[in-house]
Each structure stands twice: as C-alpha cells, then as structure tokens.
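Below, each chain spelled out in residue letters.
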Amino acid sequence: MRVALVVATSPDGIIGKHGEIPWHLPRDLKRFRAITMGHPIVMGRRTHESIGRALPGRLNIVVSSRTGWKPEGCVVAHSPDEALRIAAESGAEEAMVVGGEQLYRYVLPICDTIHLTVVEGRFDGDARFPIEAIRPEQWAVERSEQWPSDDRNPDPHRYEVLRRLAPG
Ligand SMILES: NC(=O)c1ccc[n+]([C@@H]2O[C@H](COP(=O)([O-])OP(=O)(O)OC[C@H]3O[C@@H](n4cnc5c(N)ncnc54)[C@H](OP(=O)(O)O)[C@@H]3O)[C@@H](O)[C@H]2O)c1
C-alpha cells in the first residue's frame, strides 16, 4: 500500500492555530475532498476533534492512545503504524495521512507522495508542518499549480504533487 500525505501549510510551516486551520480556502477544501475520497484517511485525535465528525465516503482512522474511546463513524488505532496496518487490511492501494503535526512528523520520512498546498502569507499558529524536511533532491514535482486570490479564496496559494525519488 502506498502512503500519501495531504497538507496545507504557510511557507514557514504553520498549519494550525488553537486547533483550527488559520485560513479559509474553499478551493483547497474541494481539492482535499477530491484527493481523499474513497481512500482511508489517517489522522491524529486532535485533527479528528477539530473536524468534529467522520468525513463521509472514506474510512476514517483516528490515532489515539485512549482506550475504550469510539468516535462515531471512525476506527481508532493506538499508533500510526497500527493505523496504516488497518488501512492496508482494508484492501486500499493508498492511505492518505491528513494531519495534524504529530502525524505529519511520523509519516513524512516514509510517505510516497505529498499533496502540498502552500498558502502565501504570514500566519500565526501553534501547529507546524516540518516543511524544511522536504529535501528537494528526494522529490519530483509532478504537478504545480498557482492559484491567485479571488472573491471566495482570499489567500493566493500553490498546489503541488510531490513523488518520492529516493528513500527517506
Ligand atoms: N493545515 C492542514 O493541512 C492541517 C491538517 C490537519 C490538521 N491541522 C491542524 O493541526 C493541529 C493539530 O495537530 P496536532 O499535532 O496538535 O494533533 P494531531 O496530530 O491531529 O493529533 C495528536 C494526537 O494524536 C494521537 N497520537 C499521535 N501520535 C500518537 C502515537 N504515536 N500513539 C498514540 N497516539 C498518538 C494523540 O492522541 P491522544 O492524546 O488521544 O492520545 C495525540 O494527542 C490543529 O490545529 C489542526 O487544525 C492542519
């Protein structure tokens, strides 16, 4: 099973503030839905709580150390490894790891693909994506799209698909 990471980050790695995403970009949310639909999605407990529900059309696997916790519509894994094992056992060809910081730090060295949205601008935050650990020599940019701001999407952003060239 392949593993993909899906993240939207500021250029300096900010991804969240007080449990929320610091921007509102409907275009990127639509893309997130399209990229992840039909695949198992793996997320940390805080990200699941921030979303507030299971996302439909996808096996939601939530990583938590809690025992006896059963969020509606989700499967709980007690480690990221267990989450990926559950995804593989579901027969999926690709699992999508969708955050937050703790899960990204675990999966960045082992993922095959990164769906990277870089939101231009300066944002305050308390959750980071280790963007500096994406070493250009290890990744091929398969696709790169620039999106200017518009009426509904106030921040310009760039969407890239990165495929791993060399082992992490
Ligand atoms: N911009 C984006 O693309 C994006 C995407 C997703 C999330 N976010 C943001 O990221 C922030 C959340 O990130 P976060 O790092 O605070 O939390 P997180 O990674 O979503 O969840 C952390 C939790 O996952 C569980 N966990 C992590 N590693 C584990 C392990 N090895 N074994 C067992 N359980 C483990 C723990 O849950 P327990 O405490 O229950 O044990 C831990 O508290 C929020 O602000 C959110 O909005 C941004």
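Residues numbered from 1 in each chain as written. Predicted model: local features only at pLDDT ≥ 70, side-chain atom pairs only at ≥ 80, totals over all residues. Heavy atoms only, no water.

Draft legend 1. Quick look at the site of the ligand. In the region of the ligand, 29 residues are neighbours, and Ala8, Arg45, Thr47, Ser64 and Ser65 sit closest. Within the contact set of the ligand, a nitrogen atom lies 3.1 Å away from a backbone nitrogen or oxygen of Ile15. Here the ligand loses 84% of its free accessible area of 930 Å² to cover by the protein chains. Class assignment of the residues belonging to the shell around the ligand gives a composition of eleven nonpolar, twelve polar and six charged. (Near = heavy atom within 4 Å. Polar contact = N/O pair within 3.5 Å; in protein donor to acceptor, adjacent residues only side chain to side chain. Areas by Shrake-Rupley, 256 points an atom, 1.4 Å probe, with all protein chains shown as cover. Nonpolar A, V, L, I, M, F, W, Y, C, P; charged D, E, K, R; others polar.)

Draft legend 2. Expanded view of the environment of Ile134. Mapped onto the elements of the fold, Ile134 is located in the loop between β8 (127-128) and β9 (139-147). The spacing of Ile134 and Arg27 is 107 residues in sequence and 24 Å in space, taken between C-alpha atoms. Residues in contact with Ile134, not counting those within four places in the same chain, are Leu108, Ile114, Leu116, Phe129, Trp139 and Leu162. (Helix = DSSP H or I, 4+ residues; strand = E, 2+ residues; numbered from the N terminus. Contact = heavy atoms within 4.5 Å.)

Draft legend 3. How the structure looks around the pairing of strand β7 (residues 113-119). Burial within β7 is extensive, with seven of its seven residues counted as buried. Residues Thr113, His115, Thr117 and Val119 of β7 are buried on one face, and the alternating residues Ile114, Leu116 and Val118, pointing to the opposite face, are buried as well. In this structure, strand β1 (residues 2-9) lies alongside β7, joined through six bridges in parallel fashion. Bridge assignment links Val6 to a residue of β7, and that residue is His115. Where β7 meets strand β10 (residues 157-164), seven bridges bridge the pair, whose relative direction is antiparallel. Its bridge partner being in β10, His115 is matched across the sheet by Val161. (Buried < 20%, exposed > 50% of the residue type's maximum accessible area, 1.4 Å probe, protein only. Pairing = 2+ DSSP bridges.)

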